[in-house]
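# Results of the structural survey
Each chain, letter by letter, is given below.
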There are 2 protein chains.
Amino acid sequence: MPNAQPGQPFSTRRLAHEAGVHRPLQAGICGTKKAGAESIVVSGGYKDDEDYGDVIVYTGHGGQDGAGNQVSNQSLDDSGNAALVTSCLEGLPVRVIRGWQGESAFAPLEGYRYDGLYRVTSYGSKFGIDGFLIWQFRMEAYDGTPMPETHQQEELSESPEEPPTDGGEKQPPSGNEEPGRVTTTVQRIVRSSAVKRQVKQWHDNRCQICELRIEGPGGSYSEGAHIQALGSPHNGPDTTGNVLCLCPTCHVMLDLGVIVLGDDLAIIRDGAVAGALRTHPKHAIDLGV
Amino acid sequence: MPNAQPGQPFSTRRLAHEAGVHRPLQAGICGTKKAGAESIVVSGGYKDDEDYGDVIVYTGHGGQDGAGNQVSNQSLDDSGNAALVTSCLEGLPVRVIRGWQGESAFAPLEGYRYDGLYRVTSYGSKFGIDGFLIWQFRMEAYDGTPMPETHQQEELSESPEEPPTDGGEKQPPSGNEEPGRVTTTVQRIVRSSAVKRQVKQWHDNRCQICELRIEGPGGSYSEGAHIQALGSPHNGPDTTGNVLCLCPTCHVMLDLGVIVLGDDLAIIRDGAVAGALRTHPKHAIDLGV
């Protein structure tokens, strides 16, 4: 991680490169399909982009001619786009840099600005303004990321639309419990550590309990679940032996004690053996007993 | 929410009561089974408690005689314990107050101290030191909650144990990506807003897509999922019409676009209709189209 604070300006791409904030000098997306995207630059290159400060609808890379016109479809095979898919599926944070070329009120007036960490909360494809297929990535600021600086633009006569709230406590409730920040759209994707990613790779994202593998466009999704919680009282280690590859539902059931693992890797539900945990030759499981 | 900062001292329970930090004058748990626990006091009343600062293993209420000896089993029927179960199942935050009677290094030397927001990440029962069944709740500090003040005690010769790390980038990885804070145990339980709780109640925590209901001890678990994300670009409202009651896996599949809803509430997977969303008379669903 570079040592930069949200809001920090960089007058040129080269300075942002040297600080490690965004390493490529040209590309808007820094990352690989395997590791995910580590940073993006939002700088007005794609007219379908939308920037609401703490939420960005970021258009993927590709399909443009040298003059910046969209002339063909985008693809998830593009390594930048595939990197953003991985960031979403793995729940990995992405550094956001805004450039002066951006057309929103959140673009800096000059140069570039590091605006902190965002996550990719969803992605999808649509036909863009120019009539070609584009991929878009919804990026949301983490709770700790400050709202970026703004400058009023002439064409912005209103503030961005907010969902309607009524503030009352009627039945049924209709208010937004935490208005303002987008924290109400709870991030559902569970962040992977290096340890979890290894376990998920061994099992190819297939649940070791129920065998489900969720297939999203561009990649599959699973969760790394600790058998024993880290830290006290169980002091489970953050090692592959203490992590399982599970689907979201089996993960919750393990955490809540609805599913318990027996010493022989039996899956115990309602006090009865309901099967055995699928294993992998490289994945030695440590029940800590 | 009371207007108190983590670390703020209260010399008496009455002052904490008046500030709204912990409303009961005697009880250690403030809350109800329906609403969850809003605050707890950690003050040494139960010898099975463990306090590691950002992680607390908090023993439930009940089973003690007037002298504070454990003389019978605890139950989840106790309203305080049931409240903590709800806080876990709903992912709701709990205020933690530490009292001078606590025996850990994190107890204040005098009076009481508000220590910020924690979440109940899991719970379970065991036979305690005195040989009776107790319920325990694992409480973890939110990322934004500062580590509580500590004072060195004579009986503490070492700092609390940390999981082993090696810091290397070997294959397979064995290091802790974020050592120190307990943020590596990712919170799996999705926090409910008032709107989500209403929808989950209508459906009795049963998934509207696959009919699964996860039955934990003391309560069932489901997740409120927004059909359209809040805020831009979809501007989905935070209303019951925009929320579904789903199991964790169907929630992820909806977010990733693996499952799509048709105009007639058809469940579409892989481009084909795979069923219809179960509805409820009071739950008018708004697809925003």
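Here, every reference points to the structure presented above.
Below, the structure is looked at part by part. Here the structure is a predicted model, which is why all the values come from computation and not from measurement.

### Some words on the overall build of chain A
The secondary structure content of chain A amounts to four helices and 15 strands. Counting the 289 residues in chain A, one finds 53% classified as buried. Sequence-distant contacts, at least 24 apart, represent 58% of the contacts inside chain A between residues at least 6 apart. For chain A, the exposed area adds up to about 13,100 Å²; of that, 50% sits on carbon and sulfur atoms.

### So, the state of the cysteines
Scanning the entire structure with this criterion turns up zero disulfides over all chains. This cysteine, A:Cys247, is not joined by any disulfide, and A:Cys210 carries the nearest cysteine sulfur, 3.8 Å off.

### Observations regarding the nonpolar core
Residues A:Leu256, B:Ile40, B:Leu84, B:Tyr123, B:Phe137 and B:Met139 are the most contacted members of the largest nonpolar core, which totals 45 residues. When residues of this core are assigned to their parent elements, the largest contribution, five residues, is made by helix H2 (residues 79-90) of chain B. Residues within four places of B:Met139 in sequence aside, it is in contact with B:Ile40, B:Asp54, B:Val55, B:Ile56, B:Tyr58, B:Leu84, B:Val94, B:Val96, B:Tyr118, B:Arg119 and B:Val120. Core analysis: the second largest hydrophobic core is formed by 44 residues, A:Val85, B:Leu256, B:Leu261 and B:Leu277 among them.

### Let's talk about the sheet that holds strand S14 (residues 266-269) of chain B
All names here are of chain B. Taken together, three strands build an open sheet; the order of strands is S13-S14-S15 and the sheet is antiparallel. Two strands in the sheet have a free side with no partner beyond their single neighbour: strand S13 (259-261) and strand S15 (272-276). Ignoring strand direction, the axes of neighbouring strands in this sheet form an average angle of 35°. Note that S14 and S15 share three bridges and pair antiparallel. Of the residues in S15, the one forming a bridge with Arg269 is Ala272.

### A few points about unusual backbone geometry
Residues and elements named next belong to chain A. At Asp204, a residue that is not glycine, the phi angle is positive and equals roughly 55°. Of the residues examined, Asp204 reaches a relative accessible area of 46% and is grouped as partly exposed. Not every positive phi belongs to a glycine, and Glu211 is a case in point at roughly 75°. The residue Glu211 is located in the loop between helix H3 (194-202) and strand S9 (214-216) in this model. Given the relative accessible area of 34%, Glu211 is considered partly exposed.

### Points about the packing of aromatic side chains
All names here are of chain A. Within this structure, the stated rule accounts for four aromatic pairs over all chains. Aromatic pair Tyr123 and Trp135: ring centres 6.4 Å apart, planes at 45°, arrangement tilted. With Tyr123 in strand S7 (residues 112-127) and Trp135 in strand S8 (residues 133-141), this residue pair connects regions lying 12 residues apart in the sequence. Following the ring pairs from residue to residue traces out a cluster consisting of Tyr123, Trp135 and Phe137.

### Comments concerning the environment of A:Asp49
Residues and elements named next belong to chain A. Along the polypeptide, Asp49 turns up in the loop between strand S3 (36-42) and strand S4 (50-51). Looking at Asp49, the relative accessible area reads 19%, which means it is buried. Taking C-alpha positions, Asp49 is 9.8 Å from Gly128, a pair spaced 79 residues apart along the chain. For Asp49, the contacting residues outside a window of four places in its chain are Val42, Val57, Tyr58, Thr59 and Gln136. Here the side chain of Asp49 touches Thr59 through a polar contact of 2.7 Å, landing on its backbone nitrogen.

### Thoughts on the pattern of salt bridges
Tallied over the entire structure, the rule returns 24 salt bridges over all chains. A salt bridge links A:Arg278 to A:Glu211, with the shortest nitrogen-to-oxygen separation between them at 2.7 Å. Here A:Arg278, found in the segment after strand S15 (272-276), pairs with A:Glu211, found in the loop between H3 and S9; they are 67 residues apart in sequence, far enough to count as distant. The salt bridge involving B:Lys200 is made with B:Glu90; its shortest N-O contact spans 3.0 Å. Linking B:Lys200 in helix H3 (residues 194-202) with B:Glu90 in helix H2, this pair joins segments that are 110 residues apart in sequence. Take B:Lys200 and B:Glu90: they sit in the same class, and that class is buried. A cluster of three or more residues bridged by salt bridges with shared partners is formed by A:Asp51, A:Arg98, A:Arg113 and A:Asp115.

### Concerning H3(B)
Residues and elements named next belong to chain B. For H3, every residue scored as buried is listed here: Val195, Lys196, Gln198, Val199, Lys200 and Trp202. Those residues of H3 that are buried are in contact with H2, strand S11 (223-226) and strand S12 (243-246). Phi turns positive, to about 55°, at Asp204, one or two residues after H3.

Scoring rules and cut-offs
Residues numbered from 1 in each chain as written. Chains lettered and ligands numbered in written order. Predicted model: local features only at pLDDT ≥ 70, side-chain atom pairs only at ≥ 80, totals over all residues. Heavy atoms only, no water. Helix = DSSP H or I, 4+ residues; strand = E, 2+ residues; numbered from the N terminus. Buried < 20%, exposed > 50% of the residue type's maximum accessible area, 1.4 Å probe, protein only. Contact = heavy atoms within 4.5 Å. Areas by Shrake-Rupley, 256 points an atom, 1.4 Å probe, with all protein chains shown as cover. Disulfide = S-S within 2.5 Å. Core = buried A, V, L, I, M, F, W, Y, C linked by side-chain atoms within 4.5 Å. Pairing = 2+ DSSP bridges. Axes fitted to C-alpha atoms, helices over the stretch in contact; angles between N-to-C directions. Phe/Tyr/Trp six-rings, centres within 6.5 Å; stacked < 30°, edge-to-face > 60°. Polar contact = N/O pair within 3.5 Å; in protein donor to acceptor, adjacent residues only side chain to side chain. Salt bridge = Lys/Arg side-chain N within 4 Å of Asp/Glu carboxyl O.

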